[in-house]
Amino acid sequence: MKIFGPDLAELRKIGEQVRDVIQPIQGVVDLQLEPQLPIRQVQIQYDRAAAATYGLSMEQISNTVETALNGRVVSQVAENQQLIDIAVSLTEPARNNLDAIRAIPIVAPTGQTISLGTVAKVDYGMGANIVNREDVSRLIVVSANVAERDLGSVVGDIQSQIQQRVKLPNGYFIQYGGQFESEQRATNNLLVFSILAAVMIAVLMFFSVRSLPATIAIMINLPLALVGGIVSILLSGGVMSVASLVGFITLFGVAVRNGLLLVDNYNNKFAQGMPLKDVIVKGSLERIDAILMTALTSALGTLPLVLSSGAGNEILQPLAIVVLGGLFTSTALTLLVIPAIYAKVGKRLIPRQWDSTVDEGFSRSSTQPSADSVL
């Protein structure tokens, strides 16, 4: 949890509130607030009104102070074929002496030389040992690990508790980073690329089967595969992760292939003038071996990953669970739904250039049982 704001004291106060609010949440472990210890330091506070009377800007004064205290390279000298930097700064004892710092000479635009003490207050004070910034804004970090729960649900509880119990002043806001931020970014990228892949697959299938209704019939397999994947996730704990989304993408590829096998075979038999009943029965029987073999080999390949346990399975196991569960519903429903669609509206799913050939097949199938009785 990155807490942004202008004032360090207020940031620490908000950080302590956030830490105390999320500490009781189940799954939050190793909770800590970024340490900021007050230390004694030399503080220089510019007097803008006094600087303006001499025509000095804050940038000019800061550059002079930086040169005196941190040093600045002003030239180089060659020695033994090496270039050695020449730096200008106060001596070490002077950098630790307030009077010496107050006496740092500053040349005004008018040519007048004044001391730093004339346009600034120099004294000892207490301040934070470190000031972190991100996007030009100060921040303090509250960090934690997650154990025995999934990351998404824990972060959801954290956001809910902070929203209800932590009141942020104007100018202060919280961002959630770390693994959660990476997971959100990966999920968004996967969704975008999955949609693009689905569109490209649909276009390629259309050119393969040359029929928009047939393409839609094949794409019906995607939600059928989705059902089994979602059920498997619920049975295994209900955690949706990036690996699960990759599993769905893999599963969609298998589902589309199975549907394409049936549809392409049906269309070829329609083109041969085969009656509707024979198209569905023979076309399904010819492809059932290939479909079942694809599903069985994929299932057997993922089964060891599903049953394995221990470290190293955090990515592969969710993927395998989705693929294994989706293969059952996708394969079973593919062999039922697509034949049913063809039995009902088979003529509408074939390419138009085959219409005359198919009309003969349908006329010969008029003496056969009706389409509704085929199933």
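Keep in mind that this is a model prediction, so the values were computed, not measured.

Rules and cut-offs
Residues numbered from 1 in each chain as written. Predicted model: local features only at pLDDT ≥ 70, side-chain atom pairs only at ≥ 80, totals over all residues. Heavy atoms only, no water. Helix = DSSP H or I, 4+ residues; strand = E, 2+ residues; numbered from the N terminus. Buried < 20%, exposed > 50% of the residue type's maximum accessible area, 1.4 Å probe, protein only. Contact = heavy atoms within 4.5 Å. Areas by Shrake-Rupley, 256 points an atom, 1.4 Å probe, with all protein chains shown as cover. Patch = residues over 30% accessible without salt bridge, like charges linked within 9 Å, V, L, I, M, F, W, Y side chains within 5 Å. Salt bridge = Lys/Arg side-chain N within 4 Å of Asp/Glu carboxyl O. pLDDT = per-residue confidence, 0-100. Axes fitted to C-alpha atoms, helices over the stretch in contact; angles between N-to-C directions. Parallel < 35°, antiparallel > 145°, perpendicular 65-115°, else oblique. Left-handed = near helix turned anticlockwise from the far one by under 90°.

1. Quick word on the overall build of the chain
Counting its regular elements, the chain contains 15 helices and eleven strands. A burial count over the chain gives 33% of its 375 residues as buried. Contacts in the chain between residues at least 24 apart in sequence constitute 71% of all its contacts with a sequence separation of at least 6. When the accessible surface of the chain is totalled, it reaches about 21,400 Å², and 58% of it is carbon and sulfur.

2. Observations regarding a nonpolar patch on the surface
A grouping of I195, V199, V203, F206, F207, L212, I216 and I220 is seen on the molecular surface, where their side chains present a nonpolar patch of about 740 Å² in accessible area. The set of elements that each furnish at least two residues to the nonpolar patch consists of α8 (179-209) and α9 (212-219). If one sorts the elements of the nonpolar patch by residue count, α8 sits on top with five residues. In this structure, I220 sits in the loop between α9 and α10 (221-235).

3. Brief notes about the side chain of N265
Topologically, N265 is positioned in helix α11 (residues 242-271). You can call N265 buried: its relative accessible area is 5%. Here N265 is in contact with K282, G283, E286 and R287, once residues within four sequence places are set aside.

4. Comments concerning the pattern of salt bridges
Scanning the entire structure with this criterion turns up eight salt bridges. A salt bridge links K269 to E286; its shortest N-O distance comes to 2.9 Å. Linking K269 in helix α11 with E286 in helix α12 (residues 276-307), this pair joins segments that are 17 residues apart in sequence. On the basis of relative accessible area, E286 is assigned to the partly exposed category, the value being 41%.

5. Quick word on the confidence of the model for the chain
Per-residue confidence for the chain averages 81 on the pLDDT scale, and 90% of its residues sit at or above 70. For residues 356-375, every residue scores under 50 in pLDDT, and the model assigns this stretch 28 contacts once sequence neighbours within four places are set aside.

6. Structural notes on the packing of α11 against α12
Direction vectors running N to C along α11 and α12 enclose 150°, while the axes themselves pass 9 Å from each other. It follows that α11 is roughly antiparallel to α12 by the angle criterion. Relative to α12, α11 is oriented so that their crossing is right-handed. For the pair formed by α11 and α12, the contact residues are V254, R257, N258, L261, L262, N265, Y266, K269 and F270 on the first element and L276, V279, I280, K282, G283, S284, E286, R287, A290, I291 and T294 on the second.

7. Observations concerning the side chain of T294
Relative to the assigned elements, T294 resides in helix α12. For T294, a relative accessible area of 16% gives the class buried. Not counting residues within four places of it along the chain, the set of residues in contact with T294 comprises V254, R257 and N258.

8. Remarks on unusual backbone geometry
One non-glycine residue, D30, lies in positive phi territory at about 55°. With respect to the secondary-structure elements, D30 resides in strand β2 (residues 28-33). Exposure remark for D30: the relative accessible area of 55% places this residue in the exposed category. One non-glycine residue, N80, adopts positive backbone phi at about 55°.

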